[in-house]
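# Overview (structure and organization)
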Amino acid sequence: MKFGVCYYPEQWPEERWATDARMMRETGLEIVRIAEFAWAKMEPADGRFDWTWLDKAIETLATAGLDVVPGTPTAAPPAWLSHAHPDVLRVDANGRARQHGTRRHTCPNNPTYRHYSRRIVQEMVQRYGREPGIIGWQIDNEFGGGKSGRCYCSHCAAAFRDWLQKRYSHIRALNDAWGTVFWSQTYSDWAEIMPPDDRIDKKNPSHLLDYYRFCSDSIVVYQQEQVDIIRSGTPGRFVTHNFMGLFRDVNQFDLAAPLDFVTWDNYPTGNPERWHGRLQPPTEQREPIDYAHDVGDPIITGMAHDLMAGLRQRPFWIMEQQCGHINWGELNPGIRPGTVRLWCWHALAHGADAILFFRWRASLFAQEQYHSGLLRHDGRADVGMADLQTMVAEQEQMRQLTAQPVHTQVAILCQYDDLWALQEQPHRADFDYWRHSYAFYHTLQRMGVPAILLPVTADLSPYKLVLAPTLHLVTPEIAAALQQYVAAGGHLLLGVRSGFKTGSNLVTDAPLPGLLRELAGVTVTDWQAMPMAAGWELRSEIPGLEGPATYWVESLQADTAVPLAHYAHGATAITENKVGDGRVTSLGFYPTGAQVTAVLRHLISQNNITPLADNLPPGLVAARRGGVTILINFAERPLTAIINGQPITVAARDIALIETTKT
Ligand code: GAL
């Protein structure tokens, strides 16, 4: 484990830099990220570059012994650019152009912005590409952040038409793929196609899905331009980007593909607060919150870590780790001693190899004045600094663990196409893609079974159990890959709404679950959203599985599969199908917490998956690297779990490391 920090030399007097650099080293920091918002300082006027300050900043930091990670500054283009070329500004779905005054205000498809963005990156790389103190590069900052993931300007409209032409070749194919015969939407020329902005009342879901894919691809292509420039001019340095956990608007698997590894920005009191309501189960009383008020929901943070781990299926970094209060949540609670340490151990337990704190010193000015850093506004240490000192003392132990792989036997599939398709057509308004996945993830965590979130295209063979809570859009390639995984001995769980749609978001004309029907060995004879007050009682041999099934229910007809549960009226609710050396379990309803627990217990014991701990109380989470189980207590009181038959008590807001035998 290495520690680092995000530093903004341009925001502090030059005379202070050496002191800051020395203090960073003295406090055990080894890496420093800089410059990702400093375009106006690097290029104060069109084509006039000033590198003197950055030369000096890099030299000061490197001389102090810090490894430097510059960020390309393209998330914060300068005012002179917006002023001279107002069409670089992004256009919202309601047709309104952004105004200059913040960051992320430009369009990735705008040729002028692209020109300037390429040029600043080229200049930067030319100057610093071989700088010995620089170990790697961050591209831009949080692509899609600040609602910048989708633009609706005329350049995007033109690029969208090109994108469609490449995808469909012929306008007839597009008409078929979108079902444009409906409401007379038929296009006779590419030029007639517009971005689906908010001036359209009810939008065609296939048109929308393609637009979301196109917007995501636009960012991927935009990023690639920088990847290429950086790779060609910075031998031996890594290239990364700082991702945003459960962020929805960009296909983060695609964005991660060309990078050396993933980094992400972990704000445990901010992000989970934003995601909380949308992830908690709709079907029942929520589990009482049993974690301290200043730690954030650890299972939501854990899911974000495990998605970030799945982007490249290799260790990741935390590029920005919250180290005190933030300024952009609802409450922004103060952080107590010990909390930052919990967050760091949690990140390590899920696969982080390095953690950089955001930020070195709280800002005296502008948008983030109320945000904390390792140092307060007055330069004295803030609460995170003491935790950093504790962790520096634990660093050797941490290093040994980061050398070990994260132990995971279960994968949860996720597909941005499904997320976007269901976002636009949830059928019942509160059906949320991440929330459905979270029901499974949360239960696994509570059972002490780690899981990774993976794309459908990943190599699934290392995983004993693969959960596909909502595999909605299915292509022949996806069906074939899953067939292969199962036939070779894997166990796949398919949840509701599986196989309903084609790759272009049309409903399949085959009996459901469409292309997955043979693999599942079932036919879905009926599906419906159901009010909570109604429900179908369950009858099952699976211990603990009781009804009613409600919220979303499907009647299954077992073809080659065998029924494992029925609804009281007779239709089948759960089936299991043997295929080759493996099995497919089909779950015909959206489960409550108790139901998903019963189903997962059954699957876990069927597949000889041993939980890391038994009787994990809420607030205590478990993960494992190599042979060491890491218990993290996010609650205000000591909590006890059972490991290998032994009770292990972890003090309030503390961690415990337990050597376990490898299985
Ligand atoms: C991140 C962003 C940083 C800073 C931080 C504040 O999302 O990348 O630049 O704004 O939030 O918490």
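Note that this is a predicted model, so its numbers are computed, not measured.

## Some points on the sheet that holds strand β21 (residues 628-633)
Read across the open sheet, the 3 strands follow the order β20-β21-β24; overall the sheet is antiparallel. Each edge of the open sheet carries a strand with a single partner, namely β20 (620-625) and β24 (655-659). Neighbouring strand axes in the sheet, compared pairwise and without regard to direction, differ in orientation by 20 degrees on average. By the bridge criterion, 6 bridges tie β20 to β21 in an arrangement that is antiparallel. Considered in β21, the bridge of arginine 624 is made with threonine 629.

## A look at the domain arrangement of the chain
Here the chain is partitioned into domain 1 (2-148 + 217-402), domain 2 (410-606) and domain 3 (620-659). Computed over C-alpha atoms, the centres of domain 2 and domain 3 are 31 Å apart.

## Remarks on the site of the ligand
The local shell around the ligand consists of Phe37, Arg103, Asn141, Glu142, Asp265, Tyr267, Glu320, Trp328, Phe358, Glu368 and His371. One nitrogen or oxygen atom from the side chain of glutamate 368 is found 2.3 Å from an oxygen atom belonging to the ligand. Protein contact buries 93% of the 310 Å² of open area that the ligand shows by itself. Taken together, the residues of the shell around the ligand sort by class into 4 nonpolar, 2 polar and 5 charged.

## Quick word on a nonpolar patch on the surface
The grouping of Val181, Phe182 and Trp183 at the surface amounts to a nonpolar patch, some 420 Å² of accessible area in total. Along the chain, the position of tryptophan 183 falls in the loop between α7 (171-178) and α8 (205-233). In this structure tryptophan 183 comes out as exposed when scored by relative accessible area, which is 59%.

## So, the nonpolar core
With 201 residues, the main nonpolar core has Phe357 and Trp434 as its most contacted residues. Tallying contributions element by element places α8 first for this core, with 12 residues. Apart from the residues within four sequence positions on either side, phenylalanine 357 is in contact with Phe3, Gly4, Val5, Cys6, Leu29, Gln321, Cys323, Val340, Cys344, Leu374, Leu388 and Met391. Formed by 13 residues, the second largest nonpolar core is a distinct cluster that contains Ala622, Ala641, Ile643 and Ile658.

## Quick look at the side chain of threonine 72
With respect to the helices and strands, threonine 72 occurs in the loop between β3 (67-70) and α4 (79-84). Within polar-contact distance, the side chain of threonine 72 engages the side chain of glutamine 226 at 2.6 Å.

## Here we look at the sheet that holds strand β6 (residues 242-243)
The 7 strands are arranged β3-β2-β1-β9-β8-β7-β6 in an open sheet whose pairing can be described as parallel. Two strands lie at the open edges of the sheet, namely β3 and β6, each paired on one side alone. As defined by bridge partners, strand β8 (residues 316-322) adjoins strand β9 (residues 352-358) across 5 bridges and the pair is classed as parallel. In the sheet register, glutamine 322 faces β9, and the bridge partner there is phenylalanine 358. Packing of helix α3 (residues 52-63) onto the sheet brings it into contact with β2 (31-34) and β3, and relative to β2 it is tilted by some 170 degrees.

## Points about helix α15 (residues 416-424)
For α15, a buried count of 7 out of 9 residues is recorded, marking the element as mostly surrounded by other parts of the structure. Listed in full, the buried residues belonging to α15 are Tyr416, Asp417, Asp418, Leu419, Trp420, Ala421 and Leu422. Among the structural elements, α8, α9 (252-256), α11 (298-312) and α16 (433-447) are those in contact with the buried residues of α15.

## A few points about the packing of aromatic side chains
In total, this model carries 35 aromatic pairs according to the counting rule given. Ring centres 5.3 Å apart and planes at 50 degrees place the aromatic pair phenylalanine 160 and phenylalanine 214 in the tilted group. Here phenylalanine 160, found in helix α6 (residues 154-168), pairs with phenylalanine 214, found in helix α8; they are 54 residues apart in sequence, far enough to count as distant. An identical accessibility class is assigned to phenylalanine 160 and phenylalanine 214; each is buried. Taken together, a centroid distance of 5.2 Å and an interplanar angle of 70 degrees make the contact between phenylalanine 238 and tryptophan 317 edge-to-face. Linking phenylalanine 238 in strand β5 (residues 238-240) with tryptophan 317 in strand β8, this pair joins segments that are 79 residues apart in sequence. Exposure remark for tryptophan 317: the relative accessible area of 12% places this residue in the buried category. Here the guanidinium or amino end of arginine 150 rests over the ring plane of tyrosine 212, the centre of that ring lying 3.5 Å away. Above the face of the tryptophan 552 ring, arginine 497 is positioned so that its terminal group lies 3.9 Å from the ring centre.

## Observations regarding helix α14 (residues 395-402)
When we look at burial in α14, the residues that qualify are Gln395, Met398, Leu401 and Thr402. Summarising the axial view, the buried residues of α14 lie within an arc of 120 degrees, below the 170-degree limit, and thus occupy one face.

## Here we look at the packing of helix α10 (residues 271-279) against α11
It is the contact of α10 with α11, at a shortest axis distance of 10 Å, that shows an interaxial angle of 100 degrees. The angle between the axes of α10 and α11 places the two elements in the roughly perpendicular class. Of the residues in α11, those touching α10 at Pro272, Trp275, His276 and Leu279 are Ile300, Thr301 and Ala304. Here the contact of α10 with α11 is composed, by residue class, of 5 nonpolar, 2 polar and no charged.

## Structural notes on the pairing of strand β13 (residues 491-494)
Going residue by residue along β13, you find His491 and Leu493 tucked away on one face and Leu492 and Leu494 tucked away on the opposite face as well. Across 4 bridges, strand β12 (residues 465-468) lies against β13 in parallel orientation. Pairing of leucine 467 across the sheet is with leucine 493, part of β13. Strand direction decides the pairing type here: β13 and strand β19 (residues 582-587), joined by 4 bridges, are parallel. Directly across from leucine 494, in β19, lies its bridge partner serine 586.

## Quick word on the environment of leucine 473
Looking at the secondary structure, you find leucine 473 in the loop between β12 and α17 (476-487). Judged by its relative accessible area of 2%, leucine 473 is buried. Spatially, the C-alpha atoms of leucine 473 and threonine 457 are 13 Å apart, while their sequence positions differ by 16 residues. The residues touching leucine 473, leaving out its near neighbours within four places in the chain, are Leu209, Arg213, Gln415, Asp417, Asp418, Ala421, Ile478, Lys501, Thr502, Gly503 and Asn505.

## Here we look at the environment of proline 405
Positionally, proline 405 belongs in the loop between α14 and β10 (410-413). Taking the C-alpha atoms as reference points, proline 405 and leucine 512, separated by 107 residues in sequence, lie 39 Å from one another. Not counting residues within four places of it along the chain, the set of residues in contact with proline 405 comprises Arg624, Arg625 and Gly626.

## Details of the side chain of histidine 305
By the secondary structure assignment, histidine 305 is in helix α11. Classification of histidine 305 by relative accessible area gives buried; the value is 0%. At a separation of 3.2 Å, a polar atom in the side chain of histidine 305 contacts the side chain of tryptophan 264. Among all residues touching histidine 305, those that are not within four sequence positions of it are Trp264, Asn266, Phe316, Ile318, His346, Ala347 and His350.

## Here we look at unusual backbone geometry
Here the amide bond leading from leucine 512 into proline 513 is cis, since omega sits at 5 degrees, within 30 degrees of zero. On the secondary structure map, proline 513 appears in the loop between β13 and α18 (517-520). Residue proline 548 follows glycine 547 across a cis peptide bond; omega there is 5 degrees. Positionally, proline 548 belongs in the loop between β15 (538-540) and β16 (551-558). At arginine 497, a position not held by glycine, the phi torsion is positive, near 70 degrees. With respect to the helices and strands, the residue arginine 497 is situated in the loop between β13 and α18. Here the phi dihedral of asparagine 505 falls at roughly 75 degrees; this positive angle occurs in a residue that is not glycine.

Rules of the game
Every chain begins its residue count from 1, and numbering advances along the sequence as written. Since the coordinates come from a predicted model, pLDDT governs what is reported: local features require at least 70, and pairs of side-chain atoms require 80 or more to be given and counted, while whole-chain, interface and lining totals use all residues. Derived side-chain values reflect all non-hydrogen atoms in the structure, with water molecules and hydrogen atoms excluded from consideration. Criterion used throughout: strands pair if DSSP finds at least two bridges between them. Helix and strand definitions follow DSSP, with helices as H or I runs of at least four residues and strands as E runs of at least two, each counted in order from the N terminus. To obtain an axis, a line is fitted to C-alpha atoms, over the contacting stretch when the element is a helix, and the angle between two such axes runs from 0 to 180 degrees between their N-to-C directions. Domain ranges listed in this record stem from an automatic or a database domain assignment. Whether a residue is near a molecule or strand depends on its heavy atoms: if one lies within 4 Å, it is near. Polar contact is the term for a pair of N or O atoms within 3.5 Å; when the atoms are in protein, one must be able to donate a hydrogen and the other to accept it, and sequence-neighboring residues count only if both atoms are side-chain atoms. Computed with the Shrake-Rupley method and a 1.4 Å probe, the accessible areas treat only the protein chains shown as cover for residues. Residues are grouped as follows: Ala, Val, Leu, Ile, Met, Phe, Trp, Tyr, Cys and Pro are nonpolar; Asp, Glu, Lys and Arg are charged; all remaining types, including Gly, are polar. Patch membership requires over 30% relative accessible area and the absence of a salt bridge. Like charges are linked within 9 Å, and nonpolar side chains (Val, Leu, Ile, Met, Phe, Trp, Tyr) within 5 Å. We define a salt bridge as a contact between a side-chain nitrogen of Lys or Arg and a carboxyl oxygen of Asp or Glu at a distance within 4 Å. When a residue's accessible area, from a 1.4 Å probe over protein chains only, is under 20% of the maximum for its type it is buried; when over 50% it is exposed; and in between it is partly exposed. For this analysis, a nonpolar core means a set of buried residues of the types Ala, Val, Leu, Ile, Met, Phe, Trp, Tyr and Cys, connected via side-chain atoms within 4.5 Å. By definition, residues are in contact when any of their heavy atoms lie within 4.5 Å. A pair of Phe, Tyr and Trp rings is counted when the ring centres sit within 6.5 Å of each other, with Trp represented by its six-membered ring. The angle between the planes then sorts it: under 30 degrees is stacked, over 60 is edge-to-face, the rest tilted. Criterion for a charge above a ring: Arg CZ or Lys NZ at most 6 Å from the ring centre, at most 35 degrees from the ring normal. It is the directions from the helix axis to the C-beta atoms whose arc is reported. Roughly parallel covers angles under 35 degrees, roughly antiparallel covers those over 145, roughly perpendicular covers 65 to 115, and oblique covers all other angles.

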